[in-house]
Amino acid sequence: MTSIARTAPDSARQRSRASRLLRRLPWWIAALLLAGGCFLWIYPFLWTIGASLKTAPEIFSDGLDVIPKSPVWVNYGRAWNDAHFGEYLRNTVIVTVATVIIVVVRSAMAGYVLGRYRFRGRRVVLVVLVATLLVPTGYTIIPVVDIAQRLHLLNSLTGMVIALSGGAHVALTLLYMGYFRRIPTELFESAQLDGAGFLTTFFRIMLPLATPVTASATLLTFLNTWNAFFLPLVFTFSRPDLRTVSVGMLAFSGEYSTDWPGMAAGAAISLAPVIILFFVLQRYFVEGIAGAVKN
Amino acid sequence: MVELNRRRFLQVSGSLAGLAALGACGSSGDSAARNYLTWWDHQGNQKSLHNKIFTAFARSSGGMKVQYTPRNAEKMGQALQLAKQSNQLPDVHTNAGLAIPVPELIKAGWVAPLDLDDAATARIRSSLLDGVHVFDGKVYSFPQFNFRTYSAATWFNRKLVAKAGLDPDQPPTTYDEFRAAVRKVGRSGGGVYGWVWNGGMTERMEDQVNMLAQAAGFEGGGGTLYRTGEIAYHADPYVTAIEFLVAMSRDRMLMPGATTLNDEIARSRWAAGSAGYFIDGPWCPGVIRQSFPTFADSLGVGPILLPQKGTIRCYAPPQGGTFWLSPTAAPKQRKAANTLLGDYFTTKEYFVDLAGWMPQPPLDLSAVDKSTAYPSWKKLVGWMAKQVFLAPSPVVGNIEVTKAEAESNDVKPGLGDIVQGALSGDVTNVRRALKDLSDKASAARENAVRTARARGAKVSLDDYAFPNWRPGTDFTSDRYHG
Amino acid sequence: MWVWLFLAPTVVLYGVFTVYPIVGSYWYSLLDWDGFTTTKTFVGLANYREVWHDPLFWQAFWHTLLFMLVTVPAQVILSLLAAILLNSPKMPLSRVFRTALFLPVATTTAIVGIVMQSIFDPANGPVNLFVQKLGFDGGINFLGSSHTSLWTAMAVYVWKWLGITLIYWLAALQTVPRDLYEAGSIDGAGPVQLFRHITVPLLKPFTIIITLLSLEASLHVFDLIQTMTGGGPFYSSEVLEIYIYRWAFGATVPRLGYASAAAVIFGLFVFVIGILQLLGVRAARRTGVGS
């Protein structure tokens, strides 16, 4: 290949481009098919954006049309000012960021020791974690409120963060556990030879290695916290100024009617950060650990 | 290992203390320190009216700011439950989703007696009933709406009806006329359906079918015959009404997807012009005015449907109170709440304003004419005033009945479920399903009465029977022991 | 010592806000309590007896299981295929596609509900226009017929949550070192062989966790089903979460004790299944079938 390329560069380059195109062809076909599927996939999302710029009669007379006749920006004004979405968005961001950090760190730590160490009580912890994994929990809010009140956690964002990070997915711990268990033992040994202690090994070597898991865990916790409803509701009964976006969404529904355009606008506002985060985090799924191991 | 365990214990308890300390910094919620009233309400539709009142009250002498939270009606009950659990009940609240008998609510500390001034009490005295608003001689709440109402009026789109060659001023009144009218509209083209309904909402349908059955001649309410107290869902009027609805659906006169729609979406689609007729309560135009103002000209209404031509007679129990005071409200808030409720929510001006929002008919029906309500709403409220009579209520007859109610469990499948099942084809023998429901509901009631008696309540099955009840009359307080 | 220090935050937070409430609900399940009043009567196992004899409970139970059995494999397999496609550096526009597949996850459920009602509308929804072209006269009332409502809900569920499983898979695929593939290709292995001999074995532990995550998620379908069908028509799409909610909050006289009992029975059932599975895996390992 190289010698030919040196002697007859033009024809070879053409040939290789053609063959590369040929090799890539199945991928482009797949891409085309996916593109079609994706339109169907994101349709309800597009509809939401469209609806946020329509009037109420337009939403229901147009059925599935996405494009508004003339954009009604007032809907956003209503969501932002009347429904206090600006304020709520700030609260939601604070709560979500804090919760995500706590949950990710605590899950990684627990997953690390459960995955790497054998110790007395490990099995008990594991059994409890797995046993509670599949219990329906929607109705356990009453004891949660009960204990939050006894610990004086109500009516503060701090309390909300603590409760939310306590109720987060146990599965994340298991995810980290599975990941750390599969990291070659030599890595630990070499770290120990370098004189790294327990904490250094974890924070400097292991946690960076687990970047793809951390990315997933961040996203999942982000989603759950962002959309959490009952806990933020309870924690802000006496402090409406601390409400989060998902609680604020209630302002759009009345006894017999719902302000659909306002709700769509609210939904669009609250969706934006989620989508941005996803777009950013994607990089970590792509880069993966290959680079991290080398460093 | 011992060492480890002790360490661990210290860590755990240390973190717990840390948690508590962290939380304590932000905690504040007791009403004594506040300088405003908290108010929860499931009637978000009247937000503007309430805000107007609250602004006026805040400016008045002795007034106070009100922090108003409109809540989703469906989630209100659960929100109240959690608020109660955490000692954070709002000073004033409505009771949507809190269907527990009031004496139980009083006992459990949900509601406290009002202390309205004499002028306010005088304005509402005639509508107060023992066992509904008054307990142990104390007034706990008062109604905002009139009991003369039903949830199954025949609303229609005048333009579509006219286009189909029907007279919008002669709405259908019988099952056959309705069927013919719906068929005409459905065949008038343009992808328009004859009729759309809230077929996905079993509870609303239950209420509507109860009303249709009364109009069809059922001499009772909610399945119970007034004279004997017998539960008879399987009586002819119920079967007739349900079979009429099912036949309409089977003959494709009901918009096909309507069996999954809730009232909001069904109403929105109707107002967007996809169907001619829509069966709904009196609150329909209120929603139209707020969300679909351009539809106002097309709004037409007919009374509840009858199997054959005749006089409409429906019965409704007394309307309960709307706003309730929490026992946890501090004296300052309590005083303000009483002034606010008494001075602003009992007056003629209030009912005129309220009628302008076109919810249910206001307590004071004479306010309707002076209001800015749509003509179609005024017309409907006028009909209801003549067509709906006060039903007897076991609780008013004997307050101890509430103790049996507290013991009684829901029976499933209920009436609404059966109607939905009949529409979807899952219930083929309607009468047998209704008979089943009657039997289960009777058994549940007997069981509840027995349990309540065993716990010392003075209640019996006779409390559900009112032998001196007569059709087409109001069962006023004086008739309970006559 | 480090071990317990690392476990402490999870043990404390999880214990207080997840384990304790679950244990609390065990206690409630022994009470006759509406959750609203102070009257709590200890009734022993009476709630359990009643739940056990309620055919609607078993129907909801079955719906929940069916929902799991159908959606979890569908979600896990479809998203794995998508992840493999989108993980390849050769795939054009993969970032855009990933975002597109993820969007339903982020879309508000209440709004998904109304859009889906229009999409599946028996008269003029796009799905039915297509179905009618295939020759089904009059179309299919996807959400309004008791034969199809649960299945339609399942399809919408898979659509909505595929994106999240896709992310797990993408993360998992990252643990497969790229050099392994390169080495494999040089040795002349085709894509199918590469997948079978490199990807599959390496992904095995993740499969278990991703399946577990999906199983867990398939229990939380309350909002979606409530907004689309409300559990109807005639209970045909009622899953356990709706059943529990109906008794705990939706009933005229709520019964928190009864609802808790229903949840406990289901929780125990799932737990037993989990244990059996675990034992099965162990046994397989011991006899040398597994690795």
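Residue numbering note: each chain is counted from 1, following its sequence as written. Just so you know, chain letters begin at A and ligand numbers begin at 1, following the order they were written in. Where local features are concerned, this predicted model is filtered to residues with pLDDT of at least 70; where side-chain atom pairs are given and counted, the filter is 80 or more; whole-chain, interface and lining totals use all residues. Note: side-chain values were computed over all heavy atoms of the structure, leaving out hydrogens and water.

This part is about the overall build of chain A. Counting secondary structure elements, chain A contains 15 helices and 0 strands. Nonlocal contacts in chain A, meaning residues at least 24 apart in sequence, comprise 73% of its contacts between residues at least 6 apart. Per-residue accessibility takes into account occlusion by the displayed protein chains alone, with areas from the Shrake-Rupley method and a 1.4 Å probe. In the form shown here, chain A has an accessible surface area of approximately 13000 Å², with 65% of it arising from carbon and sulfur atoms. Starting at the N terminus, helices and strands are each numbered in turn, a helix being any DSSP run of H or I of at least four residues and a strand any DSSP run of E of at least two. Note on definitions: a residue-residue contact is assigned when non-hydrogen atoms from the two residues lie within 4.5 Å.

With that settled, consider the pairing of strand β6 (residues 153-157) of chain B. All names here are of chain B. β6 sits mainly inside the fold: 5 of its 5 residues count as buried. At least two bridges found by DSSP between two strands is the condition for calling them paired. Pairing geometry for β6 and strand β10 (residues 275-280), over 4 bridges, is antiparallel. Each residue of the ladder has a partner; that of Trp155, found in β10, is Phe278. Exposure categories follow from relative accessible area, calculated using a 1.4 Å probe and restricted to protein chains: below 20% of the type maximum is buried, above 50% is exposed, and the middle band is partly exposed.

So, on to the layout of surface pockets. In this analysis, the protein atoms alone were mapped onto a 1 Å grid. Cavities are point sets where a 1.4 Å probe fits without being able to get out; pockets are open sets with protein on both sides within 12 Å along at least five of seven lines; lining residues have an atom within 4 Å of a point. Grid points are joined across faces, edges and corners, and a volume is the space filled by probe spheres set on the points. As a volume, the second largest pocket reaches approximately 1200 Å³. Contributions of two or more residues to the lining of the second largest pocket are made by α3 (56-61), α4 (74-82), α5 (85-116), α14 (245-248) and α15 (260-294) of chain A together with α2 (47-59), β2 (65-70) and α11 (284-291) of chain B. Within the lining of the second largest pocket, the residues separate by chemical class into 18 nonpolar, 17 polar and 10 charged. Charged means Asp, Glu, Lys or Arg here, nonpolar means Ala, Val, Leu, Ile, Met, Phe, Trp, Tyr, Cys or Pro, and polar covers whatever is left, Gly included.

Quick look at the packing of aromatic side chains now. For Phe, Tyr and Trp, rings pair up if their centres lie within 6.5 Å, where Trp contributes its six-membered ring, and each pair is then called stacked (planes under 30 degrees apart), edge-to-face (over 60) or tilted (otherwise). The tally for this structure, following the rule as stated, stands at 62 aromatic pairs over all chains. Judged by centre distance (5.7 Å) and plane angle (80 degrees), the rings of Phe135 of chain B and Tyr140 of chain B are edge-to-face. There is no split in this pair, since Phe135 of chain B and Tyr140 of chain B are both buried. Following the ring pairs from residue to residue traces out a cluster consisting of Tyr112, Tyr117, Tyr176, Tyr179, Phe180, Phe198, Phe202 and Phe203 of chain A together with Trp2 and Phe6 of chain C. Only lysine NZ and arginine CZ atoms are considered, and such an atom sits over a ring when it is within 6 Å of the ring centre and within 35 degrees of the ring normal. A cation sits over an aromatic face here: Arg34 of chain B above Tyr36 of chain B, 5.3 Å from the ring centre.

In this section: helix α11 (residues 198-209) of chain A. Residue and element names in this part refer to chain A. The end-to-end C-alpha distance of α11, which contains 12 residues, comes to 15 Å, matching closely the 16 Å that a straight helix rising 1.5 Å per residue would cover. The set of residues buried in α11 consists of Phe198, Thr201, Phe202, Met206 and Leu209. Within α11, the buried residues cover an arc of 90 degrees as seen down the axis, which keeps them to one side. The length a helix should cover is 1.5 Å for every residue beyond the first. The directions from the helix axis to the C-beta atoms are what the arc is built from.

Here we take up the packing of helix α10 (residues 185-193) of chain A against α11 of chain A. Residue and element names in this part refer to chain A. Axis lines are fitted to C-alpha atoms, over the contacting stretch for helices. Their N-to-C directions set the angle, which ranges from 0 to 180 degrees. Relative to each other, α10 and α11 sit at 150 degrees, their axes nearing to 11 Å. Taken as axis vectors, α10 and α11 run roughly antiparallel relative to one another. Where α10 crosses over α11, the two elements pack in a sense that is right-handed. On the side of α10, the interface is formed by Leu187, Phe188 and Ala191, while α11 contributes Thr201, Ile205, Met206 and Leu209. Counted by class, the contact of α10 with α11 contains 6 nonpolar, 1 polar and no charged residues. Here the word oblique covers every angle except those under 35 degrees (roughly parallel), over 145 (roughly antiparallel) and from 65 to 115 (roughly perpendicular). Helix crossings fall into two classes, left-handed where the near helix is turned counterclockwise from the far one by less than a right angle and right-handed where it is turned clockwise.

Patch criteria: residues need more than 30% relative accessible area and no salt bridge. Like-charged residues are merged within 9 Å; nonpolar side chains of Val, Leu, Ile, Met, Phe, Trp and Tyr are merged within 5 Å. A pair is scored as a salt bridge if a Lys or Arg side-chain nitrogen falls within 4 Å of a carboxyl oxygen belonging to Asp or Glu. Positive charge is attributed to Lys and Arg, negative charge to Asp and Glu, and no charge count is given to His or to the chain ends. All charge positions are set by atom: Lys at NZ, Arg at CZ, Asp at CG, Glu at CD. A surface patch of like charges, here positive, comprises Arg17, Arg20, Arg23 and Arg24 of chain A together with Lys90 of chain C. Its location among the elements puts Lys90 of chain C in the loop between α3 (55-87) and α4 (94-106).

Turning our eyes to something else, we now look at the pattern of salt bridges. All names here are of chain B. This model, assessed by the stated rule, comprises 23 salt bridges over all chains. Notably, a salt bridge pairs Arg179 with Asp251, separated by 3.0 Å at the nearest N-O pair. Here Arg179 is found in helix α7 (residues 175-186), whereas its partner Asp251 is found in the loop between α9 (236-250) and α10 (263-271), with 72 residues between them in sequence. Put simply, Arg204, Asp263, Arg267 and Asp280 are held in one network by salt bridges that share partners.

Attention now moves to the UniProt feature "transmembrane region" (unreviewed entry) in chain A. All names here are of chain A. UniProt positions are given in the numbering used here, feature names are shortened, and annotations may be inferred rather than shown by experiment. Look at the UniProt record and you will see "transmembrane region" (unreviewed entry) annotated at residues 25-46, 93-114, 126-145, 157-180, 201-223 and 260-281. With 100% helix and 0% strand, the stretch residues 25-46 has end C-alpha atoms that lie 30 Å from each other. Helix makes up 100% of residues 260-281 and strand makes up 0%, while its end C-alpha atoms are separated by 31 Å.

Right, let's talk about the interface of chain B and chain A for a bit. Taken together, the contact pairs 45 residues of chain B with 35 residues of chain A. Overall, the association of chain B and chain A removes approximately 3700 Å² of surface from exposure, summing both partners, and the carbon and sulfur fraction of that is 60%. Accessible area that two parts lose when put together, with a 1.4 Å probe and added across both, is what the buried area reports. Among the residues chain B hides against chain A, the three largest losses belong to Leu82, Gln88 and Glu264 of chain B. Together they make up 16% of the total. Here chain B is connected to chain A by 0 salt bridges. Those elements that provide at least two residues to the side of chain B that touches chain A are α1 (2-26), β2, α3 (73-85), α10 and α11 of chain B. Looking at the side of chain B that touches chain A, the element that brings in the most residues is α3 of chain B, giving 8 residues. Taken together, the residues that form the side of chain B that touches chain A break down as 15 nonpolar, 22 polar and 8 charged.

This part covers a nonpolar patch on the surface. Nonpolar side chains collect at one region of the surface, where Leu199 and Phe203 of chain A together with Met1, Trp2 and Leu5 of chain C lie side by side and expose about 430 Å² of accessible area between them. For the nonpolar patch, the secondary-structure elements that each account for two or more residues are α11 of chain A together with α1 (2-28) of chain C. Here Met1 of chain C lies in the segment before α1.

The peptide bond linking Lys412 of chain B to Pro413 of chain B adopts the cis configuration, its omega dihedral lying at -5 degrees. You can see Pro413 of chain B is positioned in the loop between α16 (401-407) and α17 (415-424). Not every positive phi belongs to a glycine, and Met358 of chain B is a case in point at roughly 50 degrees. Backbone geometry places Phe234 of chain C, a non-glycine residue, at a positive phi of 50 degrees.

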